[in-house]
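Inside the fold
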Amino acid sequence: VEELSQYGKTLSGLPKEAIKKQKSIVMHEIRSKFGIIGFIPFLLKMLSEQKALKMTYPQVYKESAQKLSEDAAKEFLMLIAIYQVISRKEGNKEAYNFLKSIFQKVAVYSMPAYYQVDELAKCEGDTFDNFVKFNIAWFNAMNDEGTFKVSEIKEERDKLTIIVNECANCVYGSAYNCPEIAKLGCDHDLAGYPVIADKVDTEFRRPHTIAKGDTFCDFMFYRKGTAPEYEEFDGKRVKWDYSMNK
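Rules used in this analysis
Numbers given to residues run from 1 along each chain, matching the order in which its sequence is written. Thresholds applied to this predicted model are a pLDDT of at least 70 for local features of residues and 80 or more for the giving and counting of side-chain atom pairs; totals over whole chains, interfaces and linings are not thresholded and use all residues. Hydrogens are left out, water is left out, and the side-chain values use all remaining heavy atoms of the structure. Each helix is a run of DSSP H or I of at least 4 residues and each strand a run of E of at least 2, with the numbering of both proceeding from the N terminus. We compute the radius of gyration over the C-alpha atoms and compare it with the globule rule, which gives 2.2 Å times the number of residues raised to the power 0.38. Between buried and exposed lies partly exposed: a residue is buried under 20% and exposed over 50% of the maximum accessible area for its type, with that area taken using a 1.4 Å probe on protein chains only. For this analysis, residues touch if any pair of their heavy atoms sits within 4.5 Å. By definition, a salt bridge exists where a carboxyl oxygen of Asp or Glu is found within 4 Å of a side-chain nitrogen of Lys or Arg. Note on aromatic pairs: the rings of Phe, Tyr and Trp (six-membered ring only in Trp) are paired at centre separations within 6.5 Å, and the planes decide the class, stacked below 30 degrees, edge-to-face beyond 60, tilted for the rest. Any residue with an atom within 4 Å of a point lines the site, the site being either a cavity, points on a 1 Å grid over the protein atoms alone where a 1.4 Å probe fits but cannot get out, or a pocket, an open set with protein on both sides within 12 Å along at least 5 of 7 lines. Grid points are joined across faces, edges and corners, and a volume is the space filled by probe spheres set on the points. Classification convention: Asp, Glu, Lys, Arg as charged; Ala, Val, Leu, Ile, Met, Phe, Trp, Tyr, Cys, Pro as nonpolar; all other residues, Gly among them, as polar. Patch construction takes residues with relative accessible area above 30% that form no salt bridge. Like charges are linked within 9 Å, and nonpolar side chains (Val, Leu, Ile, Met, Phe, Trp, Tyr) are linked within 5 Å. Here, Shrake-Rupley sampling with a 1.4 Å probe gives the accessible areas, and only protein chains in the shown set may cover a residue. Strand pairing is defined by DSSP finding a minimum of two bridges between the two strands. Under this scheme, a helix contributes an axis fitted over its contacting stretch, all axes are lines through C-alpha atoms, and angles between N-to-C directions fall in the 0 to 180 degree range.

Regarding the overall build of the chain
- Within the chain one finds 8 helices and 6 strands.
- Secondary structure elements in the chain, listed N-terminal to C-terminal, are α-α-α-α-α-α-β-β-α-α-β-β-β-β.
- For the chain, the C-alpha radius of gyration of 19 Å lies close to 18 Å, the compact-globule estimate for 246 residues.
- When its C-alpha atoms are laid out on the principal axes, the chain stretches across 55 × 40 × 35 Å.
- Taking all 246 residues of the chain together, the buried fraction comes to 49%.
- Partitioning the contacts of the chain with sequence separation of at least 6, the portion at a separation of at least 24 is 64%.

What follows is the structure, given as structure tokens:
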């Protein structure tokens, strides 16, 4: 598993084919929403909004480009611009739901690409153990980059827990005065992890996220079939339901 091309890489290491697919989905959804006639006017408004955001928050853009990457800074700016343009006309809820739908559709392709699940499943050794190794290397790389700040990585029998106490989506979403945008990364995970669960022999649980009001994110990966019926969190013993994921 250590020989996979994306082992120890960050989100910026996504294959070109997956990036192309993501862009295709975004453009398709925008065309579907605004139609042929409204497509170009919307793109022009979006570009104008991006320019305005960059001028209003020059230091935020510069910091995000330096800390993450130029591409990541541009993509983040584009998402906020889309959100702002739609929210002015249709309201915050409609803007968020539109982008949430896009992220959930993108996740079906991007999550398998991030983890190279087809190749990972063929690696020698136990698939879940390899998935754990890949995750640890991935989160450590994102910690070094600044995408996440990881405070704890805990390996147990048939379980990996990763605690994140700072998320770049939240940091820069707030810095651009658009904190709603940070939740989209969480929505992506909730749609994406079930897609790869069977191939990597895992069950994903995350009852807390910073973007949705908690002080930390707890990524919990259980070996499939070993996750307990009850979870202890927030001082309570609760029967687990997938809807508790954030």
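Structural notes on the pattern of salt bridges
- Counted by the stated rule, this structure contains 18 salt bridges.
- Where Asp189 meets Arg206, a salt bridge forms, and the shortest distance between an N and an O atom there is 2.6 Å. Residue Asp189 is located in helix H8 (residues 183-196), and its partner Arg206 is located in the loop between strand S3 (202-205) and strand S4 (217-223); the two are separated by 17 residues in the primary sequence. Across the pair, Arg206 and Asp189 agree in class, each one buried.
- Between Lys239 and Glu229 there is a salt bridge, with its nearest N and O atoms 3.2 Å apart.

With respect to the packing of aromatic side chains
- Throughout the structure, instances matching the rule amount to 19 aromatic pairs.
- Look at Tyr7 and Phe134: their rings are 6.1 Å apart centre to centre, the planes differ by 80°, and that puts the pair in the edge-to-face class. Within this pair, whereas Tyr7 is found in the segment before helix H1 (16-56), its partner Phe134 is found in helix H6 (residues 127-145), the two being separated by 127 residues in sequence.
- Under the relative-accessibility criterion, Tyr7 is labelled partly exposed at 24%.
- Between Phe139 and Phe219, the aromatic rings sit 5.0 Å apart at their centres with planes inclined by 65°, giving edge-to-face as the arrangement.

Observations regarding empty space enclosed by the protein
- Counted according to the given criterion, the structure contains 1 cavity of 30 Å³ or more.
- In this model, the largest cavity occupies a volume close to 40 Å³.
- Here the lining of the largest cavity is built from residues that sort into 5 nonpolar, 2 polar and 1 charged.

Thoughts on a nonpolar patch on the surface
- There is a patch of nonpolar side chains on the surface, built from Ile40, Leu44 and Leu47 and spanning about 300 Å² of accessible area.
- Mapped onto the secondary structure, Leu44 falls in helix H1.
- Of the residues examined, Leu44 reaches a relative accessible area of 54% and is grouped as exposed.

Some details on the sheet that holds strand S2 (residues 159-167)
- Taken together, the 4 strands give an open sheet; going across it, the order is S1-S2-S4-S3, and neighbouring strands pair in antiparallel fashion. Each edge of the sheet is formed by a strand with only one pairing partner; in this case those strands are strand S1 (148-156) and S3. Within this sheet the neighbouring strands show an average axis-to-axis angle of 15°, counted without direction.
- As defined by bridge partners, S1 adjoins S2 across 8 bridges and the pair is classed as antiparallel. Directly across from Glu155, in S2, lies its bridge partner Leu160.
- H6 contacts S1, S2, S3 and S4 of the sheet and is inclined by roughly 155° relative to S1.

Function cannot be inferred from these measures alone, as they are strictly geometric.
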